[in-house]
Amino acid sequence: MCPTTIPEEEHAHPGNTGCPGCGANLVMRYLLKGLGERTVISIPACCWAVMPGYYPSHCLKVPMVYCAFEATGASISGIRAALDVRGEEDVTVVGFAGDGGTVDIGLQALSGAAERETDAIYVMYDNEAYMNTGIQRSGSTPWGAWTTTTPVGPTKDYKREPKKDIMAIMRAHGVPYAATVSVSHPEDFVKKARKARDISGFRFIHALSPCPPGWRLNPMKTIEVARSAVNTRVFPLYEVEGGRVNITRKVKGRPVAEYLSMQGRFSHLTEEEVAAIQRTVDQAWSVLEREAEACDDRS
Amino acid sequence: MRKVMTGNYASAYGAKAARAQVIAAYPITPQTSIVEKLADFVASGELDAKFIPVESEHSAMAACVSASIGGARTYTATSSHGLTLMHEVLIWASSARQPVVMTNVSRAMAPPWSVWADHMDSVAQRDTGWLQFFCESNQEVLDTIVMAYKVGESRDVMLPAMIIEDAFILSHTSEPVDVPEQDAVDSFLPGFDPDIKLEIGKPMGFGSLVKPDQYMEFRYKAMLAMTRARTRIAEVEREFEEAFGRGYGGLLDEYRCEDADAVLVIAGSAAGTARHVVDELRSRGLRVGMARLRTFRPFPHDEFRALAKRIPGIAVLDRSYTYGASGAFYTEIRGSVGPEEDVAVMKNYIAGLGGRDITPKAIERVFEDILSLKSQSQVPQEPEWIGMKGMEGRMR
Ligand SMILES: Cc1ncc(C[n+]2csc(CCOP(=O)(O)OP(=O)(O)O)c2C)c(N)n1
Ligand code: SF4
Ligand SMILES: [Mg+2]
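Conventions used here
- Residues numbered from 1 in each chain as written.
- Chains lettered and ligands numbered in written order.
- Predicted model: local features only at pLDDT ≥ 70, side-chain atom pairs only at ≥ 80, totals over all residues.
- Heavy atoms only, no water.
- Buried < 20%, exposed > 50% of the residue type's maximum accessible area, 1.4 Å probe, protein only.
- Helix = DSSP H or I, 4+ residues; strand = E, 2+ residues; numbered from the N terminus.
- Pairing = 2+ DSSP bridges.
- Right-handed = clockwise from strand over helix to strand, strands pointing away.
- Donors = N, O, S within 2.8 Å, 3.2 Å for Na, K, Ca; no water.
- Contact = heavy atoms within 4.5 Å.
- Axes fitted to C-alpha atoms, helices over the stretch in contact; angles between N-to-C directions.
- Phe/Tyr/Trp six-rings, centres within 6.5 Å; stacked < 30°, edge-to-face > 60°.
- Buried area = accessible area lost by both parts, 1.4 Å probe.
- Salt bridge = Lys/Arg side-chain N within 4 Å of Asp/Glu carboxyl O.
- Nonpolar A, V, L, I, M, F, W, Y, C, P; charged D, E, K, R; others polar.
- Core = buried A, V, L, I, M, F, W, Y, C linked by side-chain atoms within 4.5 Å.
- Domains from an automatic or database assignment.

Remember that side chains alternate between the two faces of the sheet whenever the strand is regular. Residue and element names in this part refer to chain B. In terms of burial, strand β15 (residues 345–350) is a largely internal element, six of the six residues being buried. Residues Val-345, Lys-347 and Tyr-349 point to one face of β15 and Met-346, Asn-348 and Ile-350 to the other, with burial holding for every one of them. Pairing geometry for strand β14 (residues 313–318) and β15, over six bridges, is parallel. Opposite Ala-315, over in β15, you have Lys-347 as the bridge partner. Crossover β14 to β15 through helix α12 (residues 328–337) is right-handed. Of the pairings in the sheet, the one linking β15 to strand β16 (residues 384–385) comprises two bridges and is parallel in character. Across the sheet, residue Ile-350 finds its bridge partner in β16, namely Trp-385. With respect to chirality, the unit in which β15 leads through helix α13 (residues 360–372) into the neighbouring parallel β16 is left-handed.

Encoded structure:
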């Protein structure tokens, strides 16, 4: 077995108020392993704003600025400007927001920061719903999922709209670097975080972040479900650097039913519905594969 | 150096004189020329600042607050719908105790659309924890920006400040303005050096979650800061007067009130007209005066209490209306003065909404009216709306 490339040094203190098995906790941990301590983080309203615990406790070895729910893009723009004024251009500025704070209410400020080519990294930890307020749907909730605002009930009112493709939105902004990461693949995660740190301009990281209570998932299965998301191609690991698509984990594609069946939020789905999800996943993967191949051909 | 300039340019020159380091702004009529001028200053190298052309006012304020936490002196400017869109982050700024300075070009709110002078936007922010300065002239705009940084950044204050200039009447009207020498401003206003700011190697959370057993103390401290700002405003103004030879009368700028039978309370550019009317009526033997509400926050409670004990009649003119509760200035003055028997007869007048002129004639009529009232029982509960067209202005 070859030794791990993940730094042993921890930049988060042990212990915070996240739920057992919280994926978002690991997202922060691996992110900081990749970025190091010359980093400042801005966090809007979301689970992570609560996880450090009550004032005056703090769970990270880097400073953290709290900002309004929809303001992360603006907050990192302000922090960047202030640090530049102070001559601290080498400090990495990070916006760390949930999916709701990113694809819904925060999309405007995010888009503005990306368009202004703000020199910062924006990380969206994606637990696919508004978890902090009690599992309401977000634009990032996948088709078919139960949430408290997409209840199943007799009318089967689960989420009927597909997940908003934030990576496509960010790619359309022409950002120099955008990548997906999963807590099940820490080597890949840390490598991408480091790469993002060493590129300048607006960088985007989309992190899959399993949430046991929100996904109706056994907290022991966080890593397993994240790995399954990658292996079933539900959440492909790839990066887009200077417009070039590179799939960093080429997988054979296990049946999506494996991924779905681990989570209570999908337990109501019929076989036909699962098959429909499979078709969507296959389609998205082949689009991604074609894009990656096209980039290979060009090189 | 004396220059002829608009209120908006006075704002831009004020921010430049104060050496704002991070400016984040979004355009809105009639604030645009402030932002354009500042962008020019930055582009030409005359002002060493980072200019962030944000995508909304909400982001403008959010960027300023975060930049201020980052240790930079920040400035922004907005108006009406931009200011009200910021509301959430205005409270964030004061609660984070960040001394952001902002010009609000006070303009009416839609619908119906109107881009003209009106204090509704500013008045609606009274509970956000900002210092609020209403200005009468372009010179005052420039000078107050410089003073506001000094007051707001005082260690025992640390609160944001809003400089209010009336849409078009100040924002787009040129007046001679003395732009103070940079050296003089630099020695009056030291650089922003907060005790606590973002620092690598000092991991802390700026604005984390607190329990019910902690929250009130944070608010109490902000309240004390606002109270201390009263004295600080006066001190800073005295220092300013010594350095630059100009003063503006503290929280409540009284004009010919000493022996007055009636005083008009007014804010913003219309105070200029009121001064003129006071002189005119005085020359006709009427003992009248004007008290210009210069700071709406902190509110000059003591000054009003003293005034109401001395003066038999007080007319309060609001350029905004708080639905179901009269004009905001009036309600607050009433709250300051209390229910004593021997205080002034007070009456509320609403005028100048949506940019309607507050004419000398209208002000004269207000004085005549207030002088004719002998007891509070003669004053109707609802304010009198001045100059209504084809409508009954007085409601009973
Ligand atoms: C303007 C505003 N609206 C609503 C809220 C309430 N709120 C706080 S966190 C949150 C959900 C956050 O969801 P997400 O961004 O996905 O992060 P998560 O909690 O799932 O980690 C909401 C709706 C708020 N803080 N501010
Ligand atoms: S609700 Fe989900 S995302 Fe939030 S702390 Fe718990 S596990 Fe983590
Ligand atoms: Mg979420």
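From this point, things continue past the structure.
All names here are of chain A. Those protein atoms acting as donors to the magnesium ion (ligand 3) are Asp-99 (OD), Asn-127 (OD1) and Ala-129 (O), and they sit at 2.0 to 2.1 Å. Read in sequence order, the donor residues for the magnesium ion (ligand 3) give the motif D-x27-N-x1-A. Here Asn-127 lies in the loop between β4 (120–126) and α6 (166–172) and Asp-99 lies in the loop between β3 (92–98) and α4 (100–104), a separation of 28 residues in the sequence. Each member of the pair, Asp-99 together with Asn-127, is buried.

Reading across from one edge, β8(A)-β7(A)-β5(A)-β6(A)-β4(A)-β3(A)-β1(A)-β2(A)-β9(B) is the order of the nine strands in this open sheet, with mixed pairing throughout. Both outer strands of the open sheet, β8 (244–247) of chain A together with β9 (205–206) of chain B, are each paired with one neighbouring strand and no more. Bridge count between strand β7 (residues 238–241) of chain A and β8(A): four bridges; the pairing is antiparallel. Among the inter-strand pairings, A:Tyr238 is bridged to a residue of β8(A), identified as A:Ile247. Each of β1 (39–43), β3, β4 and β6 (202–208) of chain A touches helix α1 (residues 23–35) of chain A; the most contacted strand, β3(A), lies at about 170 degrees to it. Seen against the sheet, helix α3 (residues 72–85) of chain A touches β1, β2 (64–66), β3, β4 and β6 of chain A and runs at an angle of roughly 165 degrees to β3(A).

Okay, the sheet that holds strand β6 (residues 131–134) of chain B next. Spatial strand order, β3-β2-β4-β5-β7-β6-β13 (chain B): seven strands in an open sheet with mixed pairing. The sheet is open, and its two edges are formed by β3 (50–52) and β13 (295–297) of chain B, each paired on a single side. Adjacent strand axes in the sheet meet at a mean angle of 20 degrees when their direction is disregarded. Here β6(B) runs beside strand β7 (residues 161–166) of chain B; their pairing, made up of four bridges, is parallel. From the neighbouring strand, B:Phe134 faces β7(B), where its bridge partner is B:Ile164. Strands β2 (22–24) and β3 of chain B of the sheet are contacted by α3(A), whose axis makes an angle of about 170 degrees with β3(B).

Tallied over the entire structure, the rule returns 20 aromatic pairs over all chains. Aromatic side chains A:Phe96 and A:Tyr125 sit 5.2 Å apart centroid to centroid with 25 degrees between the ring planes, which places their arrangement in the stacked category. Pair noted here: A:Phe96 is in strand β3 and A:Tyr125 is in strand β4, with a separation of 29 residues, a long-range link. Its relative accessible area of 0% is what places A:Phe96 among the buried residues. Centroid distance A:Trp143 to A:Tyr158: 6.0 Å. Interplanar angle 75 degrees. Geometry classified as edge-to-face. On the criterion of sequence distance, the pair formed by A:Trp143 in the loop between β4 and α6 and A:Tyr158 in the loop between β4 and α6 is long-range, its members being 15 residues apart. In this structure A:Trp143 comes out as partly exposed when scored by relative accessible area, which is 27%. Judged by its relative accessible area of 1%, A:Tyr158 falls in the buried class. Each residue in the set B:Phe134, B:Phe296, B:Phe299, B:Phe304 and B:Phe329 is aromatic and connected to the rest through ring pairs, giving one cluster.

When the parts come together, some accessible area is lost, and that loss is often what is quoted as the size of the interface. With 37 residues of chain A at the interface, the matching set in chain B holds 36 residues. Each partner contributes to the roughly 3000 Å² buried at the junction of chain A and chain B, and carbon and sulfur atoms together form 69% of this total. Taken together, the links from chain A to chain B amount to one salt bridge. A salt bridge links B:Glu55 to A:Arg116; its shortest N-O distance comes to 3.1 Å. At the level of secondary structure, the elements contributing two or more residues to the side of chain A that touches chain B comprise β1, β2, α3 and α5 (107–115) of chain A. It is α3(A) that contributes the most residues to the side of chain A that touches chain B, nine residues altogether. Across the side of chain A that touches chain B, the residue classes tally to 21 nonpolar, eight polar and eight charged. Summarising the sheet, β2(A) and β9(B) pair through two bridges and their orientation is parallel.

A few words on the nonpolar core. Counting 112 residues, the largest nonpolar core has A:Phe202, A:Phe204, B:Met61, B:Leu307 and B:Ile314 as its most contacted members. Counting residues per element, this core draws most heavily on helix α3 (residues 57–69) of chain B, at eight residues. Taken domain by domain, the makeup of this core includes at least three residues from each of domain 1 (2–244) and domain 2 (252–385) of chain B. Of all hydrophobic cores here, the second largest spans 50 residues; its members include B:Leu38, B:Ala49, B:Tyr75 and B:Tyr149.

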